[in-house]
Amino acid sequence: MSKVGIIMGSKSDLPVMQDAIDILKGFDIDIEVDIVSAHRTPEKLFDYGKNAHTRGISVIIAGAGGAAHLPGMVASLSPLPVIGVPVKSSNSIDGWDSVLSILQMPGGVPVATVALNGAKNAGILAAQIIGSSDQCVLDKIMVYKEGLKAKVIESAKDL
């Protein structure tokens with residue numbers, strides 16, 4: 001079974017990253033959650049990036065605020081797809097520093113970047129990546145998307 005690694009730079013990022021945790025649990029996808037600071041625990045970062053694939057992780061979601069180096073550094077070390085979640089933190093410039101740090105990666109080191117505090121979409125994207133080779137997960141994603149469609153149709157009835 002595929003697993004998604006969810007890492008964040010500090011525990012203060014957890015309220016944002018919880019959306020990814022919740023959506024992946026809803027799709028019955030195994031997760032591994034950890035705090036890995038690019039600046040305060042560089043050895044842990046290197047170990048995580050180089051070895052996540054050996055623990056059955058298929059996709060990494062990395063959330064970070066401020067300078068937001070975590071997603072890019074993990075992507076530079078890992079053969080796995082990395083989804084970056086820019087987090088609007090207390091030391092942030094309205095989140096733009098985080099967005100640009102994750103978005104503007106050099107050629108050869110891709111990070112799929114979602115919206116500011118967009119951990120829910122990061123979880124959905126991770127599930128879609130896994131669903132491309134796991135029919136059971138794909139079926140759950142299709143049901144989820146049909147549910148989104150039904151909510152829109154139902155809300156239009158109230159107009």
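The model shown is predicted, which means the values in this text are computed figures rather than measured ones. (Residues numbered from 1 in each chain as written. Predicted model: local features only at pLDDT ≥ 70, side-chain atom pairs only at ≥ 80, totals over all residues. Heavy atoms only, no water.)

> Describe the sheet that holds strand 4 (residues 82-87), and please don't skip the residues or the numbers.
Read across the sheet, five strands follow the order 2-1-3-4-5 without closing on themselves; strand pairing throughout is parallel. With one partner strand each, in any of the chains shown, strand 2 (30-35) and strand 5 (112-113) form the two edges of the open sheet. For strand 3 (residues 57-65) and strand 4, the ladder comprises six bridges, and the chain directions are parallel. Residue isoleucine 61 lies in a different strand from strand 4, and its bridge partner there is isoleucine 83. Set on the sheet, helix 4 (residues 96-103) makes contact with strand 3, strand 4 and strand 5; between it and strand 4 the angle comes to about 165°. (Pairing = 2+ DSSP bridges. Helix = DSSP H or I, 4+ residues; strand = E, 2+ residues; numbered from the N terminus. Contact = heavy atoms within 4.5 Å. Axes fitted to C-alpha atoms, helices over the stretch in contact; angles between N-to-C directions.)

> Lay out the pairing of strand 4 with the relevant residues and their values.
Among the six residues that make up strand 4, six are buried, leaving the element largely enclosed by the rest of the structure. Of the crossover connections in this fold, the one passing from strand 3 over helix 3 (residues 70-77) to the parallel strand 4 is right-handed. Judged from the two bridges that link them, strand 4 and strand 5 form a sheet pairing that is parallel. Of the residues in strand 5, the one forming a bridge with isoleucine 83 is alanine 112. Running through helix 4, the crossover from strand 4 to the neighbouring parallel element strand 5 is right-handed. (Buried < 20%, exposed > 50% of the residue type's maximum accessible area, 1.4 Å probe, protein only. Right-handed = clockwise from strand over helix to strand, strands pointing away.)

> Tell me about helix 3, and please be specific about residues and values.
Among the eight residues in helix 3, six count as buried, and that is most of the element. Listed in full, the buried residues belonging to helix 3 are Leu70, Pro71, Gly72, Val74, Ala75 and Leu77. In this structure, the buried residues of helix 3 make contact with strand 1 (3-8), helix 2 (42-51), strand 3, strand 4 and helix 4.

> An account of the environment of glycine 9 is requested, with residue identities and associated values reported.
Looking at where glycine 9 falls in the secondary structure, it is placed in the loop between strand 1 and helix 1 (14-26). Along the sequence, glycine 9 and alanine 67 sit 58 residues apart, while their C-alpha atoms lie 10 Å from each other. If sequence neighbours within four positions are ignored, glycine 9 has contacts with Ile35, Val36, Ser37, Arg40, Gly63 and Leu70.

> Outline the nonpolar core, supporting the account with residue identities and numerical values.
Within the largest apolar cluster, 26 residues are counted, with the highest numbers of intra-cluster contacts made by Val4, Ile6, Leu24, Phe27, Ile29, Ile61 and Val85. Counting residues per element, the ones that place at least two in this core are strand 1, helix 1, strand 3, strand 4, helix 5 (119-131) and helix 6 (135-157). Beyond its immediate sequence surroundings of up to four residues, valine 85 is in contact with Val16, Met17, Ile61, Ala62, Gly63, Ala64, Ile102, Val114, Asn117, Gly118, Ala119 and Ala122. Counting residues in each nonpolar core, the second largest holds 20 residues, with Ile7, Ile60, Ala68 and Val109 among its members. (Core = buried A, V, L, I, M, F, W, Y, C linked by side-chain atoms within 4.5 Å.)

> I'd love a proper account of the UniProt feature "binding site: substrate" (unreviewed entry) in the chain, names of residues and values included.
The UniProt record marks Ser10, Asp13 and Arg40 with the feature "binding site: substrate" (unreviewed entry), using the residue numbering of this structure. Along the chain, serine 10 turns up in the loop between strand 1 and helix 1. If we skip the residues at most four places from it in the chain, serine 10 touches Ile35 and Arg40. Examined against the element boundaries, arginine 40 turns out to sit in the loop between strand 2 and helix 2. Overall, the relative accessible area of 62% leaves arginine 40 in the exposed class. Within polar-contact distance, the side chain of arginine 40 engages the backbone oxygen of glycine 9 at 3.3 Å. (UniProt positions renumbered as here; feature names shortened; annotations may be inferred. Polar contact = N/O pair within 3.5 Å; in protein donor to acceptor, adjacent residues only side chain to side chain.)

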